[in-house]
Amino acid sequence: MKKNLVLLLLSLTLLFSFSFAQEQASGGTDLNPNAISSETERLGSMLQLSDIPNDGGGGIEINWTLNDSLSNYFITIIRREGNIKKIVASDLLASSGQVRDVNSDENKSNVKDGTEYFYTAVLSEYAVSQEILDYLVCDSLDMEAMTIADANQVYLISDESGPVKSKASWFNLERLTVLISAIIITFLFLLYLQLARKGKELYIRKISGLDAVEEAVGRSTEMGKPIMYILGIGYVTDIPTIAGLTILGRVSKKVAEYETKILVPSYDPVVMTTAQEVVKEAFTEAGRPDLYNKNDIMYITQDQFGYAAGVDGMMLREKPGAVFLQGLFFAESLILAETGHSIGAIQIAGTTETAQLPFFVAACDYTLIGEEMMAASVYLQKDPLMLSSIAAEDVMKVIIIIILLIGLILGILGPGMHIEFFDKLFNLLIEIL
Amino acid sequence: MLKGKNIPLAITFTVGLIMIVSFFIPHRPFGDIEQISLKWYSIIAGFTMLLGVDSLLGLHFRKVKRKEENWIHSIVLIAGFVMVVIAGVWGTIQYGSAFDERSFFTYIYNYFIVPLQSTMFSLLAFFVASAAYRAFRARNVDAALLLITAIIVMLGRVPVGELISPYLPKFTDWIMEVPQMAAKRGIGLGIYLGALGVSIRIILGIERSYLS
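About the thresholds
Residues numbered from 1 in each chain as written. Chains lettered and ligands numbered in written order. Predicted model: local features only at pLDDT ≥ 70, side-chain atom pairs only at ≥ 80, totals over all residues. Helix = DSSP H or I, 4+ residues; strand = E, 2+ residues; numbered from the N terminus. Buried ≥ 20, exposed ≤ 12 C-beta atoms within 10 Å, placed from the backbone. Contact = placed C-beta atoms within 7 Å. Rg over C-alpha atoms; globule rule 2.2 N^0.38 Å. Axes fitted to C-alpha atoms, helices over the stretch in contact; angles between N-to-C directions. Left-handed = near helix turned anticlockwise from the far one by under 90°. Core = buried A, V, L, I, M, F, W, Y, C linked by C-beta atoms within 7 Å. Expected span 1.5 Å × (residues − 1). Bend = angle between axes of the 7 residues up to and from the residue. Pairing = 2+ DSSP bridges. Right-handed = clockwise from strand over helix to strand, strands pointing away. Nonpolar A, V, L, I, M, F, W, Y, C, P; charged D, E, K, R; others polar.

Caption draft 1: Expanded view of the overall build of chain A. Secondary structure summary: chain A contains 13 helices and 15 strands in total. Looking at chain A as a whole, 39% of its 433 residues qualify as buried. Long-range pairs, those at least 24 residues apart, make up 70% of the contacts in chain A with a sequence separation of at least 6.

Caption draft 2: The overall build of chain B, seen in detail. Scanning chain B from terminus to terminus reveals eight helices and zero strands. From first element to last, N terminus to C terminus, chain B shows the α and β order α-α-α-α-α-α-α-α. Against the compact-globule benchmark of 17 Å for 212 residues, chain B has a radius of gyration of 27 Å, which places it well outside the compact range. Its C-alpha atoms give chain B principal-axis dimensions of about 65 × 55 × 40 Å. Each of the 212 residues in chain B was classed as buried or not, and the buried ones make up 13%. By sequence separation, contacts in chain B at least 24 residues apart represent 16% of the contacts at least 6 residues apart.

Caption draft 3: A look at the packing of helix 6 (residues 239–257) of chain A against helix 7 (residues 269–285) of chain A. All names here are of chain A. Between helix 6 and helix 7, the least distance of the axes is 8 Å, while the angle of their chain directions is 35°. The two elements helix 6 and helix 7 cross, and the hand of that crossing is right-handed. Here helix 6 contributes Thr 241, Leu 245, Leu 248, Gly 249, Ser 252, Lys 253 and Ala 256 to the contact with helix 7, which in turn contributes Val 271, Thr 274, Ala 275, Val 278, Val 279, Ala 282, Phe 283 and Glu 285.

Caption draft 4: Structural detail: the nonpolar core. Ranked by internal contacts, the top residues of the largest apolar core, which has 90 residues, are Tyr 229, Ile 230, Ala 275, Val 279, Leu 325, Ala 337 and Ala 376 of chain A. Filtering out sequence-adjacent residues up to four positions away, Ala 337 of chain A remains in contact with Leu 325, Gln 347, Ala 349, Phe 359, Phe 360, Ala 363 and Cys 364 of chain A.

Caption draft 5: Inspection of helix 12 (residues 384–416) of chain A at higher detail. Look at helix 12 of chain A: 46 Å from first C-alpha to last across 33 residues, which is about the 48 Å you get at 1.5 Å a residue. When the local axis directions of helix 12 of chain A are compared, the greatest deviation, roughly 30°, occurs at Leu 410 of chain A. Those residues of helix 12 of chain A that sit buried are Met 386, Leu 387, Ser 388, Ser 389, Ile 390, Ala 391, Ala 392, Glu 393, Asp 394, Met 396, Leu 410 and Gly 414 of chain A. Against the buried residues of helix 12 of chain A lie helix 4 (176–197), helix 11 (371–381) and helix 13 (420–432) of chain A together with helix 8 (179–203) of chain B.

Caption draft 6: Structural context of the environment of Val 76 of chain B. Position of Val 76 of chain B among the secondary structure elements: in helix 3 (residues 71–95). In this structure, the C-alpha to C-alpha distance between Val 76 of chain B and Gln 180 of chain B, residues 104 residues apart in sequence, is 46 Å.

Caption draft 7: Main features of the pairing of strand 11 (residues 262–266) of chain A. All names here are of chain A. Summarising burial for strand 11: five of the five residues are buried, a large majority. Side chains of strand 11 alternate between two faces, with Ile 262, Val 264 and Ser 266 and Leu 263 and Pro 265 buried alike. Judged from the two bridges that link them, strand 10 (residues 227–232) and strand 11 form a sheet pairing that is parallel. Along strand 11, the bridge assignment pairs Met 228 with Leu 263. Running through helix 6, the crossover from strand 10 to the neighbouring parallel element strand 11 is right-handed. With three bridges joining them, strand 11 and strand 12 (residues 297–299) adopt parallel strand pairing. Bridge pairing in strand 12 places Ser 266 opposite Tyr 299.

Caption draft 8: Structural detail: the sheet that holds strand 1 (residues 47–51) of chain A. Residue and element names in this part refer to chain A. A sheet is described by the order of its strands in space; here three strands give the open sequence 1-2-5, paired in antiparallel fashion. Where the open sheet ends on each side, the last strands, each with one partner, are strand 1 and strand 5 (98–102). This sheet shows a mean twist of 20° between the axes of neighbouring strands, independent of strand direction. Pairing between strand 2 (residues 59–64) and strand 5: five bridges, direction antiparallel. When the sheet's bridge partners are listed, Ile 60 is paired in strand 5 with Asp 101.

Caption draft 9: Quick peek at the packing of helix 11 of chain A against helix 12 of chain A. Residue and element names in this part refer to chain A. Close contact between helix 11 and helix 12 brings their axes to 9 Å; oriented N to C, the two are set at 145°. Here helix 11 and helix 12 pass one another in a crossing that is left-handed. Residues Ala 375, Val 378 and Gln 381 of helix 11 form the contact with helix 12, whose own contacting residues are Met 386, Leu 387, Ser 389 and Ile 390. Taken together, the residues of the contact of helix 11 with helix 12 break down into five nonpolar, two polar and no charged.

Caption draft 10: Region of interest: unusual backbone geometry. Geometrically, the link from Gly 162 of chain A to Pro 163 of chain A is a cis peptide bond, its omega value of 5° lying close to zero. Here Pro 163 of chain A lies in strand 9 (residues 161–164). Residue Pro 29 of chain B is bonded to the preceding Arg 28 of chain B through a cis peptide linkage, with omega at 5°. Tracing the backbone through its elements, the reader meets Pro 29 of chain B in the loop between helix 1 (6–24) and helix 2 (33–65). Backbone geometry at Asn 54 of chain A places phi at a positive 60°, although glycine is not the residue there.

Laid out in structure tokens, this is it:
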């Protein structure tokens, strides 16, 4: 019994000693700068090169795949054009799997179309030092070498990949669906335009917010108060601001007819200048150019909350009878709308920012939701030719709803119920879209 | 024959068409047109800033000159404007950039403008409360539905919601991801089609309100 116990103890001691020795040995490899040298054979020609599709040229896409064990390593990409070498990217995480060598505003001829380029990857466990980066692009570096090393670590060099040439595309295939949609809507638009010219009556549903424009302007006139028109914090390149400016033209015409005053505090000087022109033309068209005052369309500031403070102050001082909030609004929307509510003004709001719509619905008397704002100009003018664009939009909406329904049915039958035929059709639809 | 209002209409049509073509053709020279026009816009916008400053200062100088109501506020504005301009120029001369951390311009930004912006932004909390109070008054079925949904979503977003029922946060997520998202996408669809309609009307010269 005793003998057995001694043997057992001896075996356990030996086992512990062996495990401890193994742990010591494996612990040491973490600090070994040559740890990645065992991966040397695996790199080979690891880079896949291709021209970036659907671009204007001057761009190469570089892809790579590595073992999961190397995902935390760093990768540096070197480009060779003849004898000239260049670092494309350094210290990228190997797991990123892709980098693009492209032209930039600073260097417009970085990648020249039609020129042959070769690429090499350098893999390292730690970030690459500047000395090594300089060495990688120097003439004396042998690109056939598989490793180089400095005092800190070993660098693995892949085989050179290439050649690859970049070229410009004549058509962006990714935008084919957009082109087809644009052709369909333009065709529908022209079709309804023709029908409108032939005298076909086109229907547009009632929009309460726009019916209230006349009421709001009339009420302000009766009260002897001005009208305030706020275009938000968008620029003249934003569609909601453009829509806001077209509505401003219609509202200004009514203001001129009622011989009252309109105030347009602006966030952007270009929008201010455009608004001045729009109001001036509207007053002229109404036959009252004498009532137009350039100083009523003024610049406030290009600071979001500075603008909100400025407009709020103006509202409290001038006490307008009607406030129009038409354009692009963000966090300042409720600050403006609540101040307008506090002074008892009729408020008609409209924006395309879905996140701000609830605030306007809560604080304003009328809110133009998204497309209603885009249709406002047509609605206020009621020109049959302009109505044709609304009819074309509606037909396009029906087409989109039909596609959505087809997608829904295919989605249920294909990925949902795993019927192979419908699954293929569903994937085809996704690919087309 | 191009005359009168036909000239801006022809310019709008040509530029609109070029921009559409450049959207689909990335090859030079079309592919660069968008970037070039954005640069042109930035240059023009830089000059229009002078018009903006002229409008702002002109308005306030007139107020001071005529001693209109609250004209003292206009003096504060003009003095503030002059002070910031001098600080900006002085910072550039002294440190090479007005945005240098040691410059008085940066000091003004950090200790005047940022607290003022924060103050305005924090007012939003009170405005949300007053607007929510009005919106959530259950006057009709729609308002009652809004009130119930808002209560569920608010409770589902705070830890106490999980304490009431572990299903509450999940139900909140479902509300946000399914009915809310469906409505949002529906509105979005209308907006994009509407924007397309506005663009076509302007390019084809049917929408002329900017010309009147």
